[in-house]
Amino acid sequence: MNKILKIQNLTKNFGNVSAVSNISIEVEEGTIHSIIGPNGAGKSTFFNMISGVIPPSDGYVYYKDKDITGFESYKLPHMGIAKCFQITNVFPKLTVKENVWASIFSCSHKSKIDLFKSMNDFEAIDKETKKIVSDVGLSHKIDDKAEELSHGQQRMLEMAITLGAKPDLLLLDEPTQGLAPEATVEMTELIRQLSKKYTILLIEHKMHIVMEISKIITVLNFGEKIEEGSPNKIKNSKKVQDAYLGRK
Amino acid sequence: MTFLIISQILNGLGLGMLYALVGVGLTLILGVLNIPNFAHGVLYALGAYFAYTIAKITGSFYFAMFLSPLLVVLVGFILESQGVRRLYHAHHDYQLLFLFACALIIQEIIIIFWGPIGFSLLAPPSLSGAIDLGFLIYPKYRLVLICFAFFMIICLYLFLTKTNLGAILRAGIENRDMVKVLGINVNMVFLYTFGLGAYLAGLAGALSAPIMGLTPSMGLDILPICFVVVVVAGLGSIPGAIIAGILIGLSQGAATIWFPEATNVVIYVMMGLTIIFRPQGLFGVR
Amino acid sequence: MIQNKYSFIALIIFLFVGPFLFPNATITEMLIFGIVAISTNIMLGYTGMLSFGQALFFGTSAYISGLMLLGGFPLFLAIPVATLGSFIISLFVGYFCVKREGLYFICLTFAFNQMFYFIAYVWTEVTGGEDGLVGVERPTYIDSQLTFYIFTAIMFLLAVLALYKIVTSPLGLIFKLIRENASRAEAIGYNVRYYKLISFSIASTFTGLAGSLYVLIHSMVPIDQIHWLKSGDIIFMTLFGGVGSFLGPLIGVVGYIWLSDTFSIIWARWPLIMGVIFAIVVLYFRGGMSELLENLFKKYKAISRKTEHEQDIKNTKLN
């Protein structure tokens, strides 16, 4: 299979402390690849380096065989990488429609002249906005402001904004964080649906979700990769059990 | 020529000490309260005018230098507790605009009480006249000013590094949320910080009066210089503010020798060079 | 949308009634600062950037257009050149300023403002220094009060329409994204710094356009038009009107200029009163006049609805 994302020896040092050291993974196209690990394992730092929020100290990130190491985060959506945040991160005073519309517009407008046209001149974007909003089940709220939505709905909106970029690769940072059990099930189902269309790199804390939907799992502990393989392999790995139980 | 250069450098040093004092005051408020204090300039002016009036009434220059900054602290307390504090929950832009409004108000009050025409405050006989340094004859007051301001900066440094309150203030600049988490009364910390900033502004104003005189616009003129000090220093750096203040004073002194008409522009040249070659400021980390 | 329609109708009515309410110099000044405030709001209200250096562009452009008119160039060359000049300066100044956020941005714009002020102050041969640039003459075809007013009103309308076009375009939406959540805007693919620079430039260029017209009112450029206090005034006007709506700042401009004209006749220390009003607005009416009017309107509606309702009850009782 085609490897869409290759990460080689990625390292981040803060002073003398290394938060992530020497991690290499390869993400296969069309699969869900999960990164798990106990709190403080370096998952977020790892994620932020891939998504261009913090520059790595060492190592490379290749996307479709192109070196994208340390690219500013605004460039990634234009290449087909979109990310979804751990904390709900939407545009609170704007409507659901505007939230999603802006995301689609970002990657689909071709010339600078489009910036100055009227908002009504973009039928294709309007249509797509409606489709994505209905995909995440928010059609009835399309003209409401994001801040008026419930927490679960905001998470769905967050997902819709991410999908608006029409990505090939989705970076999801703990998408079920802070969700009620029913909403977690809903979100898990949505991720499973999405995996038919997109390659997904999932950072997750909740073991059972990861086991259920991933094809490959990478386990981090203390900033290092300690195990990698299918859910079955991870389930039976002594190293992983030790890490989660705090034995060393 | 050497005499001229040395005396101008000393002049610049004196000026730089004053800039350092106001600059540190502004930096403290900026760092801890997270607002640029647009009323800083008028607090500086108030320091000078209070000193003038106190000296006139009591006849004691030293007493004026002592009391005037304390009165400015009082004004600072009023500004913080009656206005700025009410706006903590609004966007910090509004605190800035409130202070700007206060600057306009105090500016006009100065003109109402002291008149639109400037005047001078003379140093007392014990400090006036010149002193022979062997290689140079230099005004006594300016020399005392340099030494005294230097002494105050040392005191400030000791206060910030050796006392508990100083440690809290420094912690506040590093990480404001931390101070809240530690269970310290944030309102008090903000009040004291604003008071200390006001004290430094008032003191600098009072000290400047015998060399630069008093004009109603002195507050409006010093404010942009304070901001340049902060930009050159790097936002929130106290040692940076001290050094940047002195550097700017020195460069103004040097400009007086060679390009007397450019003394006001030279500080902006300094700023321009800083943001081109070291955008985070001399001592800035962010 | 409907609200905007009403505001625009009100604006047109104001343009016709204004000259009868205020002296010629006052009403033209209102329109000119109207351009300034509405364009500043693109940056302040829409993008969420507080610049304390807008007088830089207003003043510089006024100097350029004044100097060109003095040099014998026609007005229709002076205005575009001055506007273009402030556009170029805004790119230069903005490039350094938008790299920094929040407080640093404020400090930098403020310091740049004062840098240009001192250049104008020192460069006496060109700018007239402290005395300002004097002796600029209005071209004969707009020499009368009526023609000058019509000319200003047309320039004003064109600027307002252009700005309205911008806020209702995708660009306007992007500005709002940055105000609401800059890091998310970055994550969905917008180069925030670049768009901040555009916003800064748009505001500054239109402010420059206004500056190039300002020179015509009193046939001179006083140096305080480039002083940082003027930048404060510009922000005050914008905020006084309200940053929540497109035309809101215009209410602030009309109010500010009317108040300062009135008070300056009564008392030489009138800035004191303006300062007090400014402080009150910041402390108690942060939404500005436009929000105040809106709330009053809503309250009035609620009351009238209530009285209607009571009337209904009375009627039913009577029946």
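Residues numbered from 1 in each chain as written. Chains lettered and ligands numbered in written order. Predicted model: local features only at pLDDT ≥ 70, side-chain atom pairs only at ≥ 80, totals over all residues. Heavy atoms only, no water.

Asks: It is not clear to me how the nonpolar core should be interpreted in this structure. Could you clarify?
Replies: Buried together is how nonpolar side chains tend to be arranged in soluble globular proteins. Counting residues in each nonpolar core, the largest one holds 267 residues, and the members touching the most others are B:Phe38, C:Phe52, C:Phe112 and C:Phe246. Excluding residues within four positions of it along the chain, C:Phe112 makes contact with B:Met271, B:Ile275, C:Leu56, C:Val93, C:Phe96 and C:Cys97. A:Ile23, A:Ile50, A:Ile81 and A:Leu201 belong to the second-largest nonpolar core, a separate cluster that totals 24 residues. (Core = buried A, V, L, I, M, F, W, Y, C linked by side-chain atoms within 4.5 Å. Buried < 20%, exposed > 50% of the residue type's maximum accessible area, 1.4 Å probe, protein only. Contact = heavy atoms within 4.5 Å.)

Asks: Would you mind going over the interface of chain C and chain B with me for this structure?
Replies: You'll often see interface size given as the accessible area lost when the parts meet. The partner chain B presents 42 residues to the 34 residues of chain C that form the contact. Summed over both partners, the interface of chain C with chain B buries about 3800 Å², with 82% contributed by carbon and sulfur atoms. Counting across the chain C and chain B interface gives 1 salt bridge. The partner of B:Glu108 in a salt bridge is C:Arg269, with the nearest N and O atoms 2.5 Å apart. Joining chain C to chain B, the criterion identifies 3 residue pairs in polar contact (both at pLDDT 80 or more). Listing elements by their share of the side of chain C that touches chain B, those giving two or more residues are α5 (102-122), α10 (228-241) and α12 (270-284) of chain C. Taken together, the residues of the side of chain C that touches chain B break down into 27 nonpolar, 3 polar and 4 charged. (Buried area = accessible area lost by both parts, 1.4 Å probe. Salt bridge = Lys/Arg side-chain N within 4 Å of Asp/Glu carboxyl O. Polar contact = N/O pair within 3.5 Å; in protein donor to acceptor, adjacent residues only side chain to side chain. Helix = DSSP H or I, 4+ residues; strand = E, 2+ residues; numbered from the N terminus. Nonpolar A, V, L, I, M, F, W, Y, C, P; charged D, E, K, R; others polar.)

Asks: Would you take a moment to explain the interface of chain C and chain A for this structure?
Replies: With 23 residues of chain C in contact, the opposing surface of chain A contributes 31 residues. Counting each side, the surface lost to burial between chain C and chain A is near 2300 Å², with a carbon and sulfur contribution of 62%. Here chain C is connected to chain A by 1 salt bridge. C:Arg184 is paired through a salt bridge with A:Glu158; the nearest N and O atoms lie 2.8 Å apart. Remark: the boundary between chain C and chain A carries 14 residue pairs in polar contact (both at pLDDT 80 or more).

Asks: What is the right way to look at the sheet that holds strand β1 (residues 3-14) of chain A in this model?
Replies: Each strand in a sheet pairs with its neighbour through backbone hydrogen bonds, running either in the same direction (parallel) or in the opposite one (antiparallel). All names here are of chain A. The strand order across the open sheet built from 4 strands is β2-β1-β4-β5, with neighbouring strands paired in antiparallel fashion. Pairing within the sheet leaves two strands with one partner each, and these edge strands are β2 (17-28) and β5 (66-67). Relative to β2, β1 is paired through 8 bridges, and the arrangement is antiparallel. Bridge pairing in β2 links Lys 12 to Val 20. (Pairing = 2+ DSSP bridges.)

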